Amino acid sequence: MKSLSNVEFMLLQIIAESKQASGYQINKLIELRGYREWANIGTTSIYVGLQKLKDKELIQSEDSVHKSGKGPVPSTYVMMEAGIEALRNEVIVSLASARERDNRFDLGLAALPFIGKNQAVEALWKRQNLLEETLRNLGQKYESQGGNQLPLHVRSLFLHPMSLIENEKTFVANLISELTGELEVHAHDN
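Please read these numbers as outputs of a predicted model, since none were measured by experiment.

A. Looking closely at the pairing of strand S3 (residues 75-79). Among the five residues in S3, four count as buried, and that is most of the element. Pairing between strand S2 (residues 59-63) and S3: five bridges, direction antiparallel. The partner of Ile 59 across the bridge, within S3, is Met 79.

Here it is in structure tokens:
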């Protein structure tokens with residue numbers, strides 16, 4: 001199955017979390033959580049995304065039995081089994097492989113409750129390896145072009161993403177530590 005757009009990914013999360021939601025309710029939740037600012041999601045893209053998810057048979061719509069005011073009867077959207085599976089797969093892929101500074105990773109973090117902690121830890125270790133490899137490759141390019149001898153504006157083009165990757169590695173390591181700590185606590189409780 002082709003991967004989901006960021007809008008589709010976010011919509012599946014909200015519908016799964018809400019169990020069922022109308023387009024209006026989804027729009028309000030997007031606004032409350034600030035998705036609109038960092039994920040670049042407009043009202044039109046929400047309704048287009050909902051239609052695409054219906055076409056892919058990941059969600060289905062049901063006409064609401066309650067109507068208030070003028071206009072058409074609102075539809076509510078619910079997850080289908082294929083939608084739940086697609087959401088789980090997308091969370092794992094986004095946690096493991098989204099590029100640094102990519103809001104796809106943030107969408108994966110927002111959807112952590114939809115996968116198991118072991119799956120999250122495994123995906124985050126893959127991410128840690130990806131970050132290491134990216135950092136190593138950037139460092140090699142930096143050094144091969146002159147490293148500290150490069151002019152400031154050129155050095156900055158290397159050092160800025162390298163520092164962001166270092167910070168993200170620390171963030172991911174802390175997240176893995178917290179998740180594995182929770183796993184250990186649950187193991188002792190049983």
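And the narrative resumes.
B. Focus on the side chain of Glu 90. Residue position: Glu 90 is located in helix H5 (residues 81-97). Apart from the residues lying within four places of it in its own chain, the contact partners of Glu 90 are Ser 3, Leu 4, Phe 9 and Arg 104.

C. Broad picture of the nonpolar core. If you look at the biggest cluster of nonpolar residues, it comprises 50 residues, and the most contacted ones within it are Leu 12 and Ile 26. Where this core is concerned, the elements lending two or more residues are helix H1 (6-18), helix H2 (23-33), helix H4 (43-55), S3, H5, helix H6 (103-110), helix H7 (117-144) and helix H8 (152-189). Beyond its immediate stretch of four places on either side in the chain, Leu 12 contacts Leu 4, Leu 53, Leu 58, Ile 59, Met 79, Gly 83, Ala 86 and Leu 87.

D. Representation of the packing of aromatic side chains within the structure. With the rule as written, the count across this model stands at two aromatic pairs. Plain terms: the ring middles of Phe 105 and Phe 171 are 6.5 Å apart, the flat faces sit at 80° to each other, and that makes the pair edge-to-face. Highlighted residues: Phe 105 in helix H6 and Phe 171 in helix H8, separated in sequence by 66 residues. Here the guanidinium or amino end of Arg 127 rests over the ring plane of Phe 105, the centre of that ring lying 3.8 Å away.

E. Region of interest: the sheet that holds S3. What the three strands build is an open sheet, ordered S1-S3-S2; its pairing is antiparallel. The two strands at the open ends of the sheet, each matched to only one other strand, are strand S1 (20-22) and S2. Ignoring strand direction, the axes of neighbouring strands in this sheet form an average angle of 30°. Packing of H2 onto the sheet brings it into contact with S1 and S3, and relative to S1 it is tilted by some 90°.

F. Region of interest: the environment of Met 80. Within the secondary structure, Met 80 is located in the loop between S3 and H5. When the C-alpha atoms of Met 80 and Lys 54 are compared, they prove to be 9.5 Å apart, with 26 residues separating the residues in sequence.

G. The arrangement of H1 in detail. The terminal C-alpha atoms of H1, which comprises 13 residues, lie 18 Å apart, in line with the 18 Å expected from a rise of 1.5 Å per residue. The element H1 is extensively covered by neighbouring structure, given that 10 of its 13 residues are classed as buried. Where H1 is concerned, the buried positions are Val 7, Glu 8, Phe 9, Met 10, Leu 11, Leu 12, Gln 13, Ile 14, Ile 15 and Ala 16. Immediately beyond the C-terminal end of H1, within one or two residues, lies Lys 19, with a positive phi of roughly 75°.

H. Representation of the packing of H5 against H7 in the model. At a closest axis distance of 6 Å, the pairing of H5 and H7 adopts a crossing angle of 30°. Considering the angle they form, H5 stands roughly parallel to H7. Contact with H5, carried on its side by Ile 92, Ser 94, Leu 95, Ala 96 and Ser 97, involves Gln 119, Ala 120, Ala 123, Leu 124, Lys 126, Arg 127 and Leu 130 of H7 and no other residues of that element. Looking at the contact of H5 with H7 residue by residue, the class counts come to seven nonpolar, three polar and two charged.

Cut-offs used in this document
Residues numbered from 1 in each chain as written. Predicted model: local features only at pLDDT ≥ 70, side-chain atom pairs only at ≥ 80, totals over all residues. Heavy atoms only, no water. Buried < 20%, exposed > 50% of the residue type's maximum accessible area, 1.4 Å probe, protein only. Helix = DSSP H or I, 4+ residues; strand = E, 2+ residues; numbered from the N terminus. Pairing = 2+ DSSP bridges. Contact = heavy atoms within 4.5 Å. Core = buried A, V, L, I, M, F, W, Y, C linked by side-chain atoms within 4.5 Å. Phe/Tyr/Trp six-rings, centres within 6.5 Å; stacked < 30°, edge-to-face > 60°. Lys NZ or Arg CZ within 6 Å of the ring centre and 35° of its normal. Axes fitted to C-alpha atoms, helices over the stretch in contact; angles between N-to-C directions. Expected span 1.5 Å × (residues − 1). Parallel < 35°, antiparallel > 145°, perpendicular 65-115°, else oblique. Nonpolar A, V, L, I, M, F, W, Y, C, P; charged D, E, K, R; others polar.

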